[in-house]
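Overview (structure and organization)
Each chain is listed here by its residues.
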Amino acid sequence: MTQFKKYGRSVYTNGYTILPCQPNNKVPGYFDGYKWTGFSDWNEYSNLSNVPEEIDTWETWPDAGICVLLGKLVGVDIDVLEEDLSDQIEQLAYEYLGKSEVMRVGKWPKKMLFYKNASPAKKMRVGPVEILGHGQQAVAYGIHPDTRQPYHWPKKGIHEISFDDLIEVDKAQLEDFLEACRGLLPEKEEIKISGDYTPNANQEATFQACQEAITFISNSDLHWEDWSRVGMAIKGALGDRGL
């Protein structure tokens, strides 16, 4: 039984928006009946809810995992391999955000805690600690590509708890939590919030130059990660005139 077949319907019923995850990968995928490819328009689901017919179809796809869409669902990603530091950051999350029992683990001691936000949260980051928000997704169930083991939920998984029952946080709490994390990290980085972009002088370009460059990119089978890099390059070149 696939991870999607095992957990997908329960996660959907609990009020989360989900997509099939490519096998042994961390991104949403599409199975065309022969092979898996990238789910090119997956971020459109950030503002949508699933319908039962989608779940019916995705349950039949071979080796499908589950990605969960973020925004009102907030992922606190502790991307730290030093166990003591990871545990300290986890305790800070409990102090500033509340003691969530909804934790996903892929490659220990890295971990992700889940909360909810009344307004779709923006991506925020300080060092290896990241708040995943609107326009992003996280693997919920599947096989981790490094460990080759299933992602697991030490306490409660999102197949066991409804979205409505998650602990609610707001932007101020998230920013205070990240500020507290700065005191634990060896390099005191500034908090970075999605949307706070300035043009990069080393890659600055005109709108026309970017438009002409894009015409040389083949769109027949370009992976969404590659398009993401293109988008970041345009944003770096044009700032608020870009994406």
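As a starting point, this report considers the structure included with it. (Residues numbered from 1 in each chain as written. Predicted model: local features only at pLDDT ≥ 70, side-chain atom pairs only at ≥ 80, totals over all residues. Heavy atoms only, no water.)

**Re the overall build of the protein**
What counts here: Helix numbering and strand numbering both begin at the N terminus, where a helix is a DSSP run of H or I of at least 4 residues and a strand a DSSP run of E of at least 2. Whether a residue is buried, partly exposed or exposed follows from its accessible area with a 1.4 Å probe, protein chains only, as a fraction of its type maximum: under 20%, in between, or over 50%, in that order. In what follows, residue pairs with any heavy atoms lying within 4.5 Å of each other are defined as contacts. To be clear on the numbers: accessible area is Shrake-Rupley with a 1.4 Å probe, and residue cover counts the displayed protein chains and nothing else.
On a plain count of helices and strands, the protein comes out with six helices and 11 strands. Evaluated residue by residue, the protein yields a buried proportion of 44% over its 243 residues. Residue pairs at least 24 apart in sequence account for 73% of intrachain contacts in the protein once pairs closer than 6 positions are excluded. Per element, the accessible surface of the protein, about 12900 Å² overall, is 48% carbon and sulfur.

**Quick notes on the packing of helix H3 (residues 83-97) against helix H4 (residues 171-182)**
Inclusion rule: Each axis is a line fitted through C-alpha atoms, and for a helix only the stretch in contact is used; angles between axes span 0 to 180 degrees, taken between their N-to-C directions. Here a crossing is taken to be left-handed if its near helix is turned anticlockwise relative to the far helix by less than a right angle, and right-handed if that turn runs clockwise. Side-chain classes follow a simple rule in which Ala, Val, Leu, Ile, Met, Phe, Trp, Tyr, Cys and Pro form the nonpolar group, Asp, Glu, Lys and Arg form the charged group, and the remainder, Gly included, forms the polar group.
Where H3 contacts H4, the axes come no closer than 9 Å and their chain directions differ by 145°. In this structure, H3 meets H4 at a crossing whose hand is right-handed. Of the residues in H4, those in contact with Ile 89, Leu 92, Ala 93, Tyr 96 and Leu 97 of H3 are Gln 173, Leu 174, Asp 176, Phe 177, Ala 180 and Cys 181. Class assignment of the residues belonging to the contact of H3 with H4 gives a composition of nine nonpolar, one polar and one charged.

**With respect to the nonpolar core**
For clarity, the threshold we go by: Among buried residues, the Ala, Val, Leu, Ile, Met, Phe, Trp, Tyr and Cys ones that are joined through side-chain atoms within 4.5 Å form a nonpolar core.
The biggest cluster of nonpolar side chains holds 32 residues, and the ones touching the most others in it are Tyr 16, Val 68 and Ile 158. Among the elements of the structure, helix H1 (3-13), strand E1 (18-21), helix H2 (52-58), strand E4 (65-69), strand E7 (111-116) and strand E10 (137-141) are those that each provide at least two residues to this core. In contact with Tyr 16, not counting residues within four places along its chain, are Val 11, Asn 50, Val 68, Leu 73, Ile 158, Ile 161, Ser 162, Phe 163 and Leu 166. Counting 26 residues, the second largest nonpolar core, distinct from the first, contains Ala 93, Ala 121, Phe 177 and Leu 185.

**Regarding the pairing of E4**
Note the cut-off: Two strands pair if DSSP finds at least two bridges between them.
Most of E4 is tucked away: five of the five residues are buried. Covered by surrounding structure in E4 are Gly 65, Cys 67 and Leu 69 together with Ile 66 and Val 68, the residues of both alternating faces. Note that E4 and E10 share four bridges and pair antiparallel. Looking at E10, one finds that Val 68 is bridged to Ala 138.

**Section: H3**
Quick reminder: α-helices carry 3.6 residues per turn. Residues three or four places apart thus point the same way. As a reminder of what qualifies: How far a helix is expected to stretch is found by multiplying one less than its residue total by 1.5 Å.
The first and last C-alpha atoms of H3 sit 21 Å apart over 15 residues, in line with the 21 Å expected at 1.5 Å per residue. Every buried residue of H3 is listed here: Leu 85, Ser 86, Ile 89, Glu 90, Leu 92, Ala 93, Tyr 94 and Leu 97. The elements touched by buried residues of H3 are strand E5 (73-78), strand E6 (103-104), E7, strand E9 (129-132) and H4. Where H3 terminates, the next one or two residues include Gly 98, which has phi positive at roughly 110°.

**Here's the deal with the sheet that holds E9**
Spatial ordering of the open sheet is given by E6-E7-E5-E9-E8-E11, a layout of six strands whose pairing is antiparallel. Looking at strand neighbours, the two that pair on one side only are E6 and strand E11 (192-193), the edges of this open sheet. As defined by bridge partners, E6 adjoins E7 across two bridges and the pair is classed as antiparallel. Bridge pairing in E7 links Arg 104 to Met 112. Contacting E5, strand E8 (124-126), E9 and E11, H4 crosses the sheet at an angle of about 15° to E8.

**Remarks on the environment of Ile 161**
Tracing the chain through its elements places Ile 161 in the loop between E10 and H4. Here Ile 161 falls in the buried class, since its relative accessible area comes to 11%. Along the primary structure Ile 161 and Ser 10 are separated by 151 residues, whereas in three dimensions their C-alpha atoms are 9.3 Å apart. Apart from residues no more than four positions distant in its own chain, Ile 161 is found in contact with Asn 14, Tyr 16, Val 102 and Leu 166.

**Some details on the state of the cysteines**
As a reminder, the rule being used: Here, the term disulfide refers to a pair of cysteine sulfur atoms separated by no more than 2.5 Å.
Taken as a whole, this structure holds zero disulfides when the rule is applied. In this structure Cys 21 is not part of a disulfide, and its nearest cysteine sulfur, from Cys 67, lies 3.6 Å away. Owing to a relative accessible area of 2%, Cys 21 belongs among the buried residues under this scheme.

**As for the sheet that holds E10**
Strand order in the open sheet formed by three strands is E1-E4-E10, with antiparallel pairing between adjacent strands. Only two strands of the sheet have a single neighbouring strand rather than two, namely E1 and E10. Between one strand axis and the next, the sheet turns by 35° as a mean value, whatever way the strands run.

The values reported here are purely geometric and, on their own, carry no functional implication.
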